[in-house]
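Descriptive structure summary
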Amino acid sequence: MSRTVLYGGTFNPIHRGHLNICLRAREAVEADEVLLMPAAQPPHKFAGWLAPDQDRLALCRLAVQGQDFLRVSDYEIRRGGRSYTVDTLRYLLAERPGEELWLLIGTDMFLTFTQWREWEEIGRMATLLVASREEGDREALVGQQLLLAGHGVRSQLLQNPPLPMSSTQIRRELGETGGSEQLAPQVLDYIRQRGLYLHPPEDVEYLREYIRPLMTEYRYRHSLGVERQAVRMARWYGADVHKAAVAGILHDICKDMPKGALLQNVLESDIINGIDFRTSPQLLHSYAGALYLQSHMDIHDPEIIGAVRYHTTGRAGMNLLETIIYLADLTSEDREYGDVEEMRRLCREDLRGAMVHALTYIVGELTAKNRTICPDTIAACGEYGVTIPKP
């Protein structure tokens, strides 16, 4: 019977400590393979600044070069949404019937294991292999091992020295010095090439490069155009120019991402909006984008988040930045619809008039195409006195 150790996590970034634990795990249980599986979105904790999924995958693949027993899986990233271990184990057992699975986890995860989704089912599918994270945690680990054994959950404590440095510390070191001895040379080279972890989350110059591989060339040019128009409007109306630039460049960050993963992210969030995204998929990216900024990019400014979230629908009570991004999206230099020049003139001279004109245009287009008008747009129309035409 083949024996596989599953090692999941954000690997943000993957470092020598991760690789050393994999080697010790393989030796401890005589595994045929250790499977590294980067998570799309961790359910148990906020990951801090989370590098793009494809970058973390690339870093893992670079890190395991020359280690034949290590393999990288993109299953959880392809699946999208929160990465629940019980679902991953079910997938692996369906793909590999009869395989003996071990789940490699650290101290903190082991001590909170009974808080995991369907933890007893996890225990039926895999044996836990526990790596110590710090000195002096052995007594707590043994106690938890006995408790779980009473529920039929098998576990083995790995004999390993504590991990010398966490990914959080390495990200801090990268930001301060541009390097870390805890990273393999090929991993560090990639990080420097992509500029990962080396910039503050709201560094506009870096964000222009960050978004490029996440979208089509058309979407990228549009995002740059929205940024420029948002900055102009912020200067005209006394808004925060930096926030306008950040929201403008990031407003469509999720537009070209797979819709299934975006929908799962939104449905698993606490957003309540009255929108059926299955029938209004064109609205999905703005809500998913607001979540992405918080979960993956460590951006939490409520004005920026709101501007990204409502740039497609608008809402009642929009603040100045939300209004600017909503209008900048409609009047960026790449837009070519019929009366876009009139829209641009109004954006310069009459902000309220521009909103009335924009909402009238939007609801007219939606009605003509027999599309559902979402509650936020209806509320915005009510506030601005815009009549919604009948189908």
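A word on the confidence of the model for the protein. Overall, the predicted model of the protein reaches an average pLDDT of 89, with 92% of residues at or above 70. Contacts of residues 43–47 to residues separated by more than four positions or lying in other chains number 13 contacts, the stretch itself having pLDDT below 50.

Below, the discussion takes up the pairing of strand E5 (residues 127–131). Residues in a regular strand project their side chains so that they alternate between the two faces of the sheet. For E5, a buried count of five out of five residues is recorded, marking the element as mostly surrounded by other parts of the structure. Every second residue of E5 is oriented toward a common face, with Thr-127, Leu-129 and Ala-131 on one face and Leu-128 and Val-130 on the other, all of them buried. With five bridges joining them, strand E4 (residues 100–106) and E5 adopt parallel strand pairing. What sits directly across from Ile-105, in E5, is Val-130. Relative to strand E6 (residues 155–157), E5 runs parallel, the two being bridged by three bridges. Bridging across to E6, Leu-129 finds its partner in Gln-156.

Where helix H15 (residues 302–309) contacts helix H16 (residues 320–331), the axes come no closer than 8 Å and their chain directions differ by 35°. At the point where H15 passes H16, the crossing takes the right-handed sense. Where H15 approaches H16, its residues Glu-303, Ile-304, Gly-306 and Ala-307 are matched on the opposing element by Leu-321, Glu-322 and Ile-325. The class makeup of the residues in the contact of H15 with H16 is four nonpolar, one polar and two charged.

Counting 107 residues, the largest nonpolar core has Leu-250, Ile-253, Met-297 and Leu-327 as the members making the most contacts within it. With sequence-adjacent residues up to four places away left out, Met-297 is seen in contact with Trp-49, Leu-50, Pro-201, Leu-207, Tyr-210, Leu-250, Ile-253 and Tyr-292. Leu-6, Met-37, Leu-89 and Met-125 belong to the second largest nonpolar core, which has 25 residues in total.

Alignment of strand E1 (residues 3–9) against E4, held across five bridges, turns out to be parallel. Residue pairing for E4: Val-5 is matched across the bridge by Trp-102. Read as a crossover between parallel neighbours, the route from E1 over helix H1 (residues 16–29) to strand E2 (residues 33–38) is right-handed.

Turning to the side chain of Glu-322, a few remarks are in order. As for its placement among the helices and strands, Glu-322 is situated in helix H16. Under the relative-accessibility criterion, Glu-322 is labelled buried at 3%. When sequence neighbours within four positions are dropped, the list of residues in contact with Glu-322 reads Gly-306, Ala-307, Tyr-310, Arg-315 and Gly-317.

The final tally for this structure, using the stated rule, is 23 salt bridges. Note that Arg-90 is salt-bridged to Glu-118, the shortest N-O span being 2.5 Å. Of this pair, Arg-90 sits in helix H4 (residues 85–95) while Glu-118 is found in the loop between helix H5 (107–111) and helix H6 (119–125), placing the two residues 28 residues apart along the sequence. Since its relative accessible area comes to 34%, Arg-90 is described here as partly exposed. Notably, a salt bridge pairs Lys-243 with Glu-303, separated by 2.9 Å at the nearest N-O pair. Of this pair, Lys-243 sits in helix H12 (residues 241–250) while Glu-303 sits in helix H15, and the two are 60 residues apart along the sequence. By relative accessible area, Glu-303 is classed as partly exposed at 31%. Because the salt bridges share partners, they merge into one network encompassing Glu-33, Arg-71, Arg-96 and Glu-99.

The next point concerns the side chain of Thr-323. Take Thr-323: it is sitting in helix H16. Judged by relative accessible area, Thr-323 falls into the buried class, the value being 5%. Excluding anything up to four places from it in sequence, Thr-323 contacts Met-318, Leu-351 and Met-355.

Turning our attention to the packing of aromatic side chains. Summed over the entire model, instances satisfying the criterion amount to seven aromatic pairs. Summarising the aromatic geometry, the rings of Tyr-75 and Tyr-91 are spaced 3.7 Å apart at their centres and angled 5° between planes, so their arrangement reads as stacked. Pair noted here: Tyr-75 is in helix H3 (residues 75–79) and Tyr-91 is in helix H4, with a separation of 16 residues, a long-range link. What makes Tyr-75 buried here is its relative accessible area of 12%. With 6.3 Å between their ring centres and 75° between their planes, Tyr-287 and Tyr-310 make a pair best called edge-to-face. One end of the pair, Tyr-287, is in helix H14 (residues 284–297); the other, Tyr-310, is in the loop between H15 and H16, with 23 residues separating them in the sequence. Classification of Tyr-287 as buried rests on a relative accessible area of 0%. Chaining the aromatic ring pairs together yields one cluster made of Phe-113, Trp-116 and Trp-119. The ring of Tyr-84 carries Arg-117 above its face, with NZ or CZ at 3.7 Å from the centroid.

Rules and cut-offs
- Sequence order as written defines residue numbering, which begins from 1 separately in each chain.
- This being a predicted model, a pLDDT of at least 70 is required before a residue's local features are given, and a value of 80 or more before pairs of side-chain atoms are given or counted; all residues contribute to the totals for chains, interfaces and linings.
- Only hydrogens and water are removed before side-chain values are computed, so all heavy atoms of the structure are retained for them.
- pLDDT runs from 0 to 100 and stands for how confident the predictor is about each residue.
- The contact criterion used throughout is that any non-hydrogen atoms of two residues lie within 4.5 Å.
- The buried label goes to any residue with under 20% of its type's maximum accessible area, the exposed label to any with over 50%, and the partly exposed label to all in between, with areas taken from a 1.4 Å probe on protein chains only.
- Helix and strand definitions here come from DSSP, where helices need a minimum of 4 consecutive H or I residues and strands a minimum of 2 consecutive E residues; each element is numbered from the N-terminal end.
- Whether two strands pair depends on DSSP finding at least two bridges between them.
- Axes here refer to lines fitted to C-alpha atoms; in helices the fit is confined to the stretch in contact. Angles between the N-to-C directions go from 0 to 180 degrees.
- Left-handed describes a crossing whose near helix is turned anticlockwise from the far helix through less than a right angle; right-handed describes the clockwise counterpart.
- Residues are grouped as follows: Ala, Val, Leu, Ile, Met, Phe, Trp, Tyr, Cys and Pro are nonpolar; Asp, Glu, Lys and Arg are charged; every other residue, Gly included, is polar.
- For our purposes a nonpolar core is just a set of buried Ala, Val, Leu, Ile, Met, Phe, Trp, Tyr and Cys residues, chained together by side-chain atoms within 4.5 Å.
- Look down the strands so they point away from you; if going from the first strand over the helix to the second traces a clockwise path, that crossover is right-handed.
- What makes a salt bridge here is a side-chain nitrogen of Lys or Arg within 4 Å of a carboxyl oxygen of Asp or Glu, nothing more.
- Aromatic rings from Phe, Tyr and Trp, taking only the six-membered ring of Trp, are treated as a pair when their centres fall within 6.5 Å; an angle between ring planes under 30 degrees marks them as stacked, one over 60 as edge-to-face, and anything in between as tilted.
- Remark: a charge is flagged as sitting over a ring if the NZ atom of Lys or the CZ atom of Arg is within 6 Å of the ring centre and within 35 degrees of the ring normal.

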